[in-house]
Amino acid sequence: MKDAENPTIYLKDYTPPAWLVEDVHLTFRLAPEATRVVSKIRFVPNPATADRRFFLEGEELKLISARIDGVEVKPEVTAEGLTCAVPDDAFTWEAEVEISPATNTALEGLYMSNGMYSTQCEAQGFRKITYYPDRPDVMSVFTVRIESDLPVLLSNGNKVAEGNGFAEWHDPWPKPAYLFALVAGELLNLPGSFTTRSGREVELNVWVRKGDEDKCDFAMEALKKSMTWDEEVYGREYDLDIFNIVAVDDFNMGAMENKGLNIFNSSAVLASPETATDANFERIEAIIAHEYFHNWTGNRITCRDWFQLCLKEGLTVFRDAQFTADMRSEPVKRISDVLDLRGRQFREDGGPLAHPVRPESFQEINNFYTATVYEKGAEVIGMLKRLVGDEAYGRALDLYFERHDGQACTIEDWLKVFEDATGRDLTQFKLWYSQAGTPKVTMTDDWADGTYTLHLKQTLRPTPETAEKKPQVIPFAIGLLDPSGEEVVPTTLLEFTEAEQSFTFEGLAERPIPSPLRGFSAPVILQREVTNADRAFLLAHDTDPFNRWEAGRQLAKSALIGMIDGGQSPDPAYLDGLQRLVTDESLDPAFRALCLGLPSEDDLAQSFVDMGRTPDPQAIWQGRQEMRAALAEVLSADLPRLYAAHRVPGPYSPEAGPAGKRALTGALLSLITLRDQGDTARAQYAAADNMTEQLGALSSLLAADLGSLELGLFADQWAHERLVMDKWFMVQVAHARPDQAAPVAHSLTERADFTMTNPNRFRAVFGALAMNQAGFHHASGAGYQLMADWLMKLDPVNPQTTARMCSAFQTWRRYDADRQGMMQEQLERIAGLKELSRDTGEMVGRILSA
């Protein structure tokens, strides 16, 4: 697509809105292909600007009529919106438009999902509902009337009237249009209630389709936990009389925080022991918390423009991570978050899709709902909290809520609050928001006369928006251990602010073993010369759980690289150290399960790139297979005993304790299966009364090239459960051998129950194919072609999902010339589509520019 058709929007070009909105009244007369939307909007001049141009965004709308102060007008309508001559002072705009929810497969605006009306307006979906200044800095009070014979009619705020064929809702809190929501359908609710600390009684509901009402209890309890936690930890109280959650099957994202009416992908709400895994339960708990926490960090205080997206998302991701750490295990949560950050965000930072936490420009904002904005944005909040301390962080947040409630804010507003609350100058810290890329920290050290000196150097690769990078503020947490394993310097936070900087620790009796970057105190890549003996020492003795795991991880990576690159045998130091850790009953089972995990294929591929080598996906896959076999052999005497000791008896519970034990037995089972030809896994599958153990057994069998019988039994048992069948689709592709991944994925797309219009089902197949690195990058190129074929089919139907799935190709430059050529060919095929969407066009263009 041509640049003229997709203009680039720049942060530096921001201008305030010419007109503000005092009040919005909307009437919806629902019909699948001919919904009428009647709007009545009170506009007032914005005193912050002399600009009085009047433009309302609107796409795919049929304008029926328009009036200003009751007088009919004839606006000039384009594909992007409309303009009209308007009075100099306040006026009332009225318009009637027609839209077709039933044919809206992009799932933006108002659309239909299995007979239910639903909306998704973030970021720019409201313009597909009616003409409006669809920007986050225009906030207004909304009153909504819905007319339909459907039994459940929901919108934002509190219900103020209802009768035969209609319901009216009023939201007293000003909000931007992206937070508007409407749901209508034949739904059932699980009711609940919550009493806020000030005594407000809040009605709670989880709304679902008939047949799903037995899968709502956990979501309701997660909501109540979230409301209690936000009151206790952040002092934030809910501010409406009702809070509704709705589960929708067809949804591009995980969930949406619309004021008082949260709309969720059904996979982020529905759970029962029989149909959801422990990971599903934890994800549901976290997403419900995330969307609820947005009520203050996103809704009451929103972002001025979409460049500030990290303001609401980074802060809210940080808050939901705190919540999960409190509800479950803080070390396990931290390790899991770092695995995700390194697996997704570091890859993003290191390739053609790199962008700052606050981007400087975009063509399509939907492409910036990224790991950088969300996860790295949360890491930036975490660093800020570490630097100022818990007490100062609390004072700053209180000031933020007090000063900016009801406003649309910027990163500058956020940092000014911290400067005012703490007296710190955060000019240098702000670079975390403007400089793309992952800093590399090189660490060396000296020892002399009882003094240990730490030398740090930071570098950041050039990226298109900033060729010459400046040093950033890096909170560097470190502890020191003596040769016996005793901690001689507890965790100390160093403020690393210069390109090169040294720190000294005096009065030590012996040369210490450093434990650097404890708790992963900053999102950086740490480079240092360290022996496997020191790694094994830290694996055995480090008092910091993250660094203990990290030592094992680095040992595993070193051993795997030696096996893949040099044909070495598995490193005994790693195998022996892991055996001691896994059999240590003083350690959390969930932590031990994480330690049993090997570095991913993608992680190992990047390690070869960092060494100046071209990764071989097949060799990496083979190396991991051999290491798993070696682990199974070394642990052979322990596996049956540990597996039996940690089986969870009695009724299923998704709480952290039993879930951690199931995580450990699941990891053990995958190794046992390599030695007993699947006997234990088959027995677990047959006896399983919960999805965690059933799917875990099936996965273990498939990973060992077994399980065809169980695969068929699983499909027969769960054919009626769409979310469970997503797991069935996914697990086959995820565990397929490299030469079979693309053929298996292709065969699944030929099934009658595969549909590309449902994002969950599409991602189950093609997300799994992208994650199966050796399969996707098989030398035949079949994975590349299959992915491109389906992305080209999907783009006219759902551009958002298509664009996000294009990221499967983002590392194409790291591989050999043959693979690069095949991936470039497929990317150019996609780019050559005549009607390529703006979403996908931007993504493919950025990837090809690598």
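Visitor: Teacher, can you tell me more about the overall build of the protein here?
Guide: Looking only at helices and strands, the protein features 27 helices and 31 strands. Each of the three principal axes of the protein carries a C-alpha extent, and together these read 85 × 65 × 60 Å. In the protein, buried positions account for 60% of the 850 residues. Contacts in the protein between residues far apart in sequence, at least 24 positions, make up 70% of those at least 6 positions apart. For the protein, the exposed area adds up to about 32,000 Å²; of that, 50% sits on carbon and sulfur atoms. A gap of 1 Å separates the mean positions of the 84 positive and 127 negative side-chain charges of the protein.

Visitor: Looking at this model, I keep getting lost on the pattern of salt bridges. Mind explaining?
Guide: If charged atoms from side chains of opposite charge come close, those side chains can pair. Going through the model one piece at a time under the given rule, you end up with 67 salt bridges. Residue Asp-214 is joined to Lys-215 by a salt bridge in which the shortest nitrogen-to-oxygen separation is 3.4 Å. Using a relative accessible area of 4% as the deciding quantity, one classes Lys-215 as buried. For Arg-304, the salt bridge goes to Asp-305, with nearest N and O atoms at 2.6 Å. Judged by its relative accessible area of 7%, Asp-305 falls in the buried class. It is possible to trace a salt-bridge network through shared partners that takes in Arg-209, Asp-212, Asp-214, Lys-215, Asp-249, Glu-721 and Arg-722.

Visitor: Quick question: what am I supposed to make of the packing of helix H10 (residues 545-566) against helix H13 (residues 601-610) here?
Guide: For any two helices packed against each other, one specifies the inter-axial angle together with the distance between the axes. Where H10 meets H13, the axes come as close as 11 Å, and the angle between the chain directions of the two elements is 70°. Regarding the angle of H10 to H13, the classification is roughly perpendicular. Where H10 crosses over H13, the handedness of that crossing is right-handed. Along the contact surface, H10 presents Arg-553, Lys-557, Leu-560, Ile-561, Ile-564 and Asp-565, while H13 presents Asp-603, Leu-604, Ser-607 and Phe-608. Per-class residue counts for the contact of H10 with H13 are five nonpolar, one polar and four charged.

Visitor: Teacher, can you tell me more about helix H5 (residues 371-388) here?
Guide: Note: α-helices contain 3.6 residues per turn, so residues at a spacing of three or four share the same orientation. Relative to the 26 Å expected for 18 residues at 1.5 Å per residue, H5 spans 25 Å between its end C-alpha atoms, a close match to the ideal helical length. For H5, the tally of buried residues reaches 16 of 18 residues, placing the bulk of the element in the interior. Backbone geometry just downstream of H5 places Gly-389 in the positive-phi region, at approximately 95°.

Visitor: Looking at this structure, I do not really get the environment of Glu-364. What am I missing?
Guide: Following the sequence through the fold, Glu-364 ends up in the loop between strand S23 (361-362) and H5. Expressed as a C-alpha distance, the spacing of Glu-364 and Gly-450, which sit 86 residues apart in the sequence, is 57 Å. When neighbours within four sequence positions are excluded, Glu-364 is seen to be in contact with Arg-838, Asp-839 and Glu-842. At a separation of 2.9 Å, a polar atom in the side chain of Glu-364 contacts the side chain of Arg-838.

Visitor: Could you clarify how one ought to interpret the pairing of strand S28 (residues 487-496) in this entry?
Guide: Side-chain positions along a regular strand alternate between the two faces of the sheet. In terms of strand pairing, strand S27 (residues 474-481) meets S28 through seven bridges, oriented antiparallel. Residue pairing across strands places Ile-474 opposite Phe-496, the latter belonging to S28. A loop of five residues connects S27 with S28, the two strands running antiparallel in sequence, and Gly-485 in this loop sits at a positive phi of about 100°.

Visitor: What's the story with the sheet that holds strand S6 (residues 71-72) in this structure? I'm lost.
Guide: Strand pairing in a sheet relies on backbone hydrogen bonds. The paired strands run either parallel or antiparallel. Spatially, S6-S5-S9-S3-S2-S12-S15-S14 is the arrangement adopted by the eight strands of the open sheet, whose pairing is mixed. Each edge of the open sheet carries a strand with a single partner, namely S6 and strand S14 (158-163). The pairing of strand S3 (residues 35-45) with strand S9 (residues 91-99) spans nine bridges and is antiparallel. By the bridge assignment for S9, Phe-43 is matched with Phe-91.

Visitor: Help me understand the packing of aromatic side chains, please; the structure alone is not making it clear to me.
Guide: Each aromatic ring pair is characterised by the separation of its centres together with the angle its planes make. The full count for this structure, using the stated rule, is 44 aromatic pairs. Taken together, a centroid distance of 5.5 Å and an interplanar angle of 75° make the contact between Phe-126 and Phe-180 edge-to-face. With Phe-126 in the loop between strand S11 (116-120) and strand S12 (140-147) and Phe-180 in the loop between strand S15 (166-175) and strand S16 (182-185), this pair connects stretches of sequence that are 54 residues apart. We classify Phe-126 as buried; its relative accessible area is 0%. Taking the relative accessible area as the measure of exposure, Phe-180 reaches 0% and is therefore buried. Of note, Lys-12 hangs over the ring of Tyr-10, and the distance from its end group to the ring centre comes to 4.9 Å.

Cut-offs applied
- Residues numbered from 1 in each chain as written.
- Predicted model: local features only at pLDDT ≥ 70, side-chain atom pairs only at ≥ 80, totals over all residues.
- Heavy atoms only, no water.
- Helix = DSSP H or I, 4+ residues; strand = E, 2+ residues; numbered from the N terminus.
- Buried < 20%, exposed > 50% of the residue type's maximum accessible area, 1.4 Å probe, protein only.
- Contact = heavy atoms within 4.5 Å.
- Areas by Shrake-Rupley, 256 points an atom, 1.4 Å probe, with all protein chains shown as cover.
- Lys, Arg positive; Asp, Glu negative; His and termini not counted.
- Charge placed at Lys NZ, Arg CZ, Asp CG, Glu CD.
- Salt bridge = Lys/Arg side-chain N within 4 Å of Asp/Glu carboxyl O.
- Axes fitted to C-alpha atoms, helices over the stretch in contact; angles between N-to-C directions.
- Parallel < 35°, antiparallel > 145°, perpendicular 65-115°, else oblique.
- Left-handed = near helix turned anticlockwise from the far one by under 90°.
- Nonpolar A, V, L, I, M, F, W, Y, C, P; charged D, E, K, R; others polar.
- Expected span 1.5 Å × (residues − 1).
- Polar contact = N/O pair within 3.5 Å; in protein donor to acceptor, adjacent residues only side chain to side chain.
- Pairing = 2+ DSSP bridges.
- Phe/Tyr/Trp six-rings, centres within 6.5 Å; stacked < 30°, edge-to-face > 60°.
- Lys NZ or Arg CZ within 6 Å of the ring centre and 35° of its normal.

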